[in-house]
Amino acid sequence: MKKIELEIVALSHSITQTHSYAVVLGEVNGLRRLPIVIGGFEAQAIAVALERMQPSRPLTHDLLKNFMNAFNVDLQEIVISDLQEGIFYSKLVCINEHDTIEIDSRTSDALALAVRFGCPVYTYDHILESAGILMEDSGATKKKSSVSTTAEPGSRDDLSGLSIEELNTLLNEVLEQEDYIRAISIRDELNKRKK
């Protein structure tokens, strides 16, 4: 399978869910985005590395990097290798002078290490197809609608009560607002209807 390179394009707090964050990976030289819901501690670990902050004591991911460096192990790449029931699975591809070893990892931990090592992040097309969101080309004109981004059960904005066209419009609106958590639920509703 051909690997597709991704980069971290956003780290956002959920507007609709407290204590939830989304790390958004963007396809390098492409328009697809892969939002992944992560917890607060994981978001902090990624943000600290992205902002090149130097905590007074090493965080867990810094400790792991220091440990790997001490034993001449390098993180070559991470691969988001599978998606099962909404959960992403990742592998750390580590090398030393003798071997290349793949180690199972939570995706949030793998991303925190990838930022620290400066290594590439990959996934496969079938994962982007099932969980990704296609962004509009920046040159395209965006269509506005009156569909609200907050949903109350039984209302017009309840996802199950919206048409596919309304869901696509709502998806574009929440992406503009960078509410990636809401975008994930809309994407899931669209995927459910495709089946």
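As a reminder, the structure under discussion sits directly above these lines.
This report concerns the structure included in the present document. Owing to the predicted nature of the structure, the values given are computational and were not obtained by experimental measurement. (Residues numbered from 1 in each chain as written. Predicted model: local features only at pLDDT ≥ 70, side-chain atom pairs only at ≥ 80, totals over all residues. Heavy atoms only, no water.)

1. Considering the environment of Ile46
Argument step 1. Along the chain, the position of Ile46 falls in helix α1 (residues 40-50).
Argument step 2. Spatially, the C-alpha atom of Ile46 lies 9.8 Å from that of Ile8, the residues being 38 residues apart in sequence.
Argument step 3. Among all residues touching Ile46, those that are not within four sequence positions of it are Ile8, Leu11, Ile38, Ser108, Leu111 and Ala112. (Helix = DSSP H or I, 4+ residues; strand = E, 2+ residues; numbered from the N terminus. Contact = heavy atoms within 4.5 Å.)

2. Comments concerning the packing of aromatic side chains
Argument step 1. One pass over the full model with this rule turns up one aromatic pair.
Argument step 2. Between Phe67 and Phe71, the aromatic rings sit 5.0 Å apart at their centres with planes inclined by 45 degrees, giving tilted as the arrangement. Phe71 carries the same exposure label as Phe67, and that label is exposed.
Argument step 3. A cation over a ring is seen here: Lys3 above Tyr122, with NZ or CZ 4.7 Å from the ring centre.
Argument step 4. Above the ring of Phe117, the side-chain terminus of Lys65 is found at 5.5 Å from the ring centroid. (Phe/Tyr/Trp six-rings, centres within 6.5 Å; stacked < 30°, edge-to-face > 60°. Buried < 20%, exposed > 50% of the residue type's maximum accessible area, 1.4 Å probe, protein only. Lys NZ or Arg CZ within 6 Å of the ring centre and 35° of its normal.)

3. Details of helix α5 (residues 164-176)
Argument step 1. When the terminal C-alpha atoms of α5 are compared, their 19 Å separation across 13 residues agrees well with the 18 Å that a helix rising 1.5 Å per residue should span.
Argument step 2. Looking only at α5, the buried set comprises Leu167, Thr169, Leu170, Leu171, Glu173, Val174 and Leu175.
Argument step 3. Contacts made by the buried residues of α5 are with β8 (133-134) and α6 (180-194). (Expected span 1.5 Å × (residues − 1).)

4. Some remarks on the sheet that holds strand β1 (residues 3-13)
Argument step 1. If you walk across this open sheet you meet the eight strands as β6-β5-β4-β7-β1-β2-β3-β8, and the pairing is mixed. Each having just a single partner strand, β6 (100-106) and β8 make up the two edges of the open sheet.
Argument step 2. Bridging between strand β4 (residues 74-84) and strand β7 (residues 121-124) involves three bridges; their strand directions are parallel. Pairing of Val79 across the sheet is with Tyr122, part of β7.
Argument step 3. Against the sheet, α6 touches β1, β2 (20-27), β3 (32-39) and β8, its axis set at about 115 degrees to β3. (Pairing = 2+ DSSP bridges. Axes fitted to C-alpha atoms, helices over the stretch in contact; angles between N-to-C directions.)

5. Some remarks on the layout of surface pockets
Argument step 1. Considering only enclosed or pocket space, the largest pocket measures out at about 550 Å³ in volume.
Argument step 2. When contributions to the lining of the largest pocket are tallied by element, the ones reaching two or more residues are β3, β5 (87-95), β6, α3 (107-117), α4 (125-131) and α6.
Argument step 3. With six residues, the single largest contributor to the lining of the largest pocket is α6.
Argument step 4. Both domains that furnish three or more residues to the lining of the largest pocket are identified here as domain 1 (3-134) and domain 2 (164-194).
Argument step 5. The computed volume of the second largest pocket comes to approximately 300 Å³. (1 Å grid on protein atoms, 1.4 Å probe; cavity = no way out; pocket = protein on both sides within 12 Å on 5 of 7 lines; lining within 4 Å. Points joined across faces, edges and corners; volume = space filled by probe spheres on them. Domains from an automatic or database assignment.)

6. Things to note about unusual backbone geometry
Argument step 1. One non-glycine residue, Asn72, lies in the positive phi region at around 55 degrees.
Argument step 2. Take Asn72: it is sitting in the loop between α2 (60-70) and β4.
Argument step 3. We classify Asn72 as exposed; its relative accessible area is 53%.
Argument step 4. One non-glycine residue, Glu85, lies in positive phi territory at about 50 degrees.
Argument step 5. Of note, Glu85 is situated in the loop between β4 and β5.

Read these as spatial facts, not as claims about activity.
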